[in-house]
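Structural features, examined
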Amino acid sequence: MEIIKYMETYDYEQLVICQDKTTGLKAFIAIHDTTLGPALGGTRMWTYNSEEEAIEDALRLARGMTYKNAAAGLNLGGGKAVIMGNPKTDKNDELFRAFGRFIEGLNGRYITAEDVGTTEEDMDLIHLETDYVTGVSAEFGSSGNPSPVTALGVYVGMKAAAKEAFGDDSLKGKTIAVQGVGNVAYTMCEYLHEEGAKLIVTDINEEAVQRAVDNFGATAVGINEIYGVDADIFSPCALGAVINDDTIPQLKAKVIAGSANNQLKNPEHGDKIHEMGLVYAPDYVINSGGVINVADELDGYNRERALKKVNTIYDTIEKIFAISKRDNIPSYVAADRLAEERIERVSKARNSFLQKEKSVLSKRR
């Protein structure tokens, strides 16, 4: 991977290499775009096979956060950090404090949060060295467990997708096939059950499936059966890349709306389901409730305000469908366009302001 060329191609702003010999810290912070505001994105700790692999992951994830934050209507840019190491064996307090000092050194250009391999306790350690961190313990003003709020966003986004597909956003009587019944999906199923939806569920965790069966009257099916069941809505809430050459021919649902990340294996699969007339709620938009929630911490967390913002995911999904029809493009492309148009508008406004300032200064001279 030619790092500078890659950064130039996708217009990254900064890549920070962090190393602390005493604590064993080896980390990378990628900042993609700060047009809308400071870059917000979590810190991932993972056993990468090489430094190049870690850098590539940080860069890819940072760009994704730019689009996610922009589409969510947040005044935040996109960034991400990765720490090389085994999250089960290589953690120590000093390592995260050292990492916190690197974040502090960026003077607010990057704000971190939990991600794969990191915890609330890790964020508390980072917080000892910097205020540029979210997802800390409640005593420091945290918003708490993000799963219920993410679930709310998926639920309202699903209703917007149902309206697009069926002409009405009611989910009462609709059959919804839920792949994965983890923390987010379980809470989502609570909302669906309360509205009167019929649930078909699957998960590798048999206890999670049984809980949904017992509490919501859900029907359980095998892992590979979920794609082909008779359902109105398919809700992928576990693995990524589940919309692919093998699964698309099996789908009987009219709508795809779920919390999983990177649901499309490749862009052409998004094109394919668009051609088939399926309604797809882009994953990074419908599952943005969590980042909307932690972003509210930056203004002093107010749950009512945060939930009000999460409910606007419904409106955002509607805007994406409108762009899709306006430009005759798949919804996943429309989501990118929504984000890009917002960034472009702010960039133009900022450049116009700077030009005016320069003009005023030159006249004074």
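Residues numbered from 1 in each chain as written. Predicted model: local features only at pLDDT ≥ 70, side-chain atom pairs only at ≥ 80, totals over all residues. Heavy atoms only, no water.

Turning our attention to the overall build of the protein. Along the protein, the regular secondary structure elements total 13 helices and 12 strands. In terms of overall dimensions, the protein is globule-like: its C-alpha atoms have a radius of gyration of 21 Å, near the 21 Å expected for 365 residues. Overall size of the protein, expressed as C-alpha extent along the three principal axes, is 70 × 55 × 45 Å. A buried classification covers 52% of the 365 residues belonging to the protein. For the protein, contacts bridging at least 24 residues in sequence account for 64% of all contacts bridging at least 6. Accessible surface for the protein amounts to roughly 17300 Å². Of this, 47% is attributable to carbon and sulfur atoms. (Helix = DSSP H or I, 4+ residues; strand = E, 2+ residues; numbered from the N terminus. Rg over C-alpha atoms; globule rule 2.2 N^0.38 Å. Buried < 20%, exposed > 50% of the residue type's maximum accessible area, 1.4 Å probe, protein only. Contact = heavy atoms within 4.5 Å. Areas by Shrake-Rupley, 256 points an atom, 1.4 Å probe, with all protein chains shown as cover.)

On to the layout of surface pockets, then. Looking at the second largest pocket, its volume works out to about 250 Å³. Every residue along the wall of the second largest pocket is listed here: Gly73, Leu74, Asn75, Leu76, Ile292, Ala295, Asp296, Leu298, Asp299, Arg305, Ala306 and Lys309. With three residues, the top contributor of residues to the lining of the second largest pocket is helix H11 (residues 303–310). In terms of residue class, the lining of the second largest pocket is made up of six nonpolar, two polar and four charged. (1 Å grid on protein atoms, 1.4 Å probe; cavity = no way out; pocket = protein on both sides within 12 Å on 5 of 7 lines; lining within 4 Å. Points joined across faces, edges and corners; volume = space filled by probe spheres on them. Nonpolar A, V, L, I, M, F, W, Y, C, P; charged D, E, K, R; others polar.)

Right, let's talk about the pairing of strand S8 (residues 198–202) for a bit. Side-chain direction in a regular strand flips from residue to residue, so the side chains alternate between the two faces of the sheet. Counting buried residues along S8, four of its five residues qualify, which places the element largely inside the surrounding structure. As defined by bridge partners, strand S7 (residues 175–179) adjoins S8 across five bridges and the pair is classed as parallel. Considered in S8, the bridge of Thr175 is made with Lys198. Taken together, S7, helix H6 (residues 183–195) and S8 constitute a β-α-β crossover, and its handedness is right-handed. The pairing of S8 with strand S9 (residues 219–220) spans two bridges and is parallel. Note that in S9 the partner of Val201 across the bridge is Ala220. (Pairing = 2+ DSSP bridges. Right-handed = clockwise from strand over helix to strand, strands pointing away.)

Relative to the helices and strands, Glu195 is located in helix H6. Owing to a relative accessible area of 17%, Glu195 belongs among the buried residues under this scheme. A distance of 2.9 Å separates polar atoms of two side chains, one belonging to Glu195 and the other to Lys159. Discounting chain neighbours no more than four positions away, the residues touching Glu195 are Tyr155, Lys159, Asp169, Ser170, Leu171 and Lys172. (Polar contact = N/O pair within 3.5 Å; in protein donor to acceptor, adjacent residues only side chain to side chain.)

Time to look at the sheet that holds S9. Taking strand neighbours across the sheet as the criterion, the six strands line up as S9-S8-S7-S10-S11-S12 in an open arrangement whose pairing is parallel. Each of the sheet's edge strands pairs with one partner strand only, and the pair in question is S9 and strand S12 (279–280). The strands touched by H6 are S7, S8 and strand S10 (233–236); relative to S7, the strand with the most contacts, the crossing angle is about 170°. Here helix H7 (residues 206–216) sits on the sheet in contact with S8 and S9, set at roughly 165° to S8. (Axes fitted to C-alpha atoms, helices over the stretch in contact; angles between N-to-C directions.)

Right, let's talk about the state of the cysteines for a bit. For the structure shown, the criterion picks out zero disulfides. Free cysteine Cys237: the closest other cysteine sulfur is in Cys189, separated by 7.2 Å. Owing to a relative accessible area of 13%, Cys237 belongs among the buried residues under this scheme. (Disulfide = S-S within 2.5 Å.)

Taken as a whole, this structure holds 18 salt bridges when the rule is applied. One salt bridge in this structure joins Arg44 and Asp115, with 2.9 Å as the shortest N-O distance. Residue Arg44 is located in strand S4 (residues 43–46), and its partner Asp115 is located in the loop between strand S6 (110–111) and helix H4 (120–127); the two are separated by 71 residues in the primary sequence. Where Arg326 meets Asp327, a salt bridge forms, and the shortest distance between an N and an O atom there is 2.8 Å. Take Asp327: its relative accessible area is 26%, and that puts it in the partly exposed class. Each of Arg44, Asp57, Arg60, Lys80 and Asp115 takes part in a single network of salt bridges with overlapping partners. (Salt bridge = Lys/Arg side-chain N within 4 Å of Asp/Glu carboxyl O.)

Here the focus is the environment of Arg350. Mapped onto the fold, Arg350 is located in helix H13 (residues 331–364). Between the alpha carbons of Arg350 and Thr35 there is a distance of 8.8 Å; along the sequence they are 315 residues apart.

Another point: the environment of Ala54. Along the chain, Ala54 falls in helix H2 (residues 51–71). On a C-alpha basis, the gap between Ala54 and Ala81 in space is 9.3 Å, while along the polypeptide they are 27 residues apart. Setting aside anything within four residues of it in sequence, one finds Ala54 in contact with Phe28, Tyr48, Val82 and Met84.

Between H6 and H7, the shortest axis-to-axis distance is 11 Å and the interhelical angle comes to 20°. If you check the angle between H6 and H7, you find them roughly parallel. Crossing of H6 over H7 shows right-handed handedness. Here Tyr186, Cys189, Glu190 and His193 of H6 come into contact with H7, specifically with Arg211, Asn215 and Phe216. For the contact of H6 with H7, a count of residues per class yields three nonpolar, two polar and two charged. (Parallel < 35°, antiparallel > 145°, perpendicular 65-115°, else oblique. Left-handed = near helix turned anticlockwise from the far one by under 90°.)

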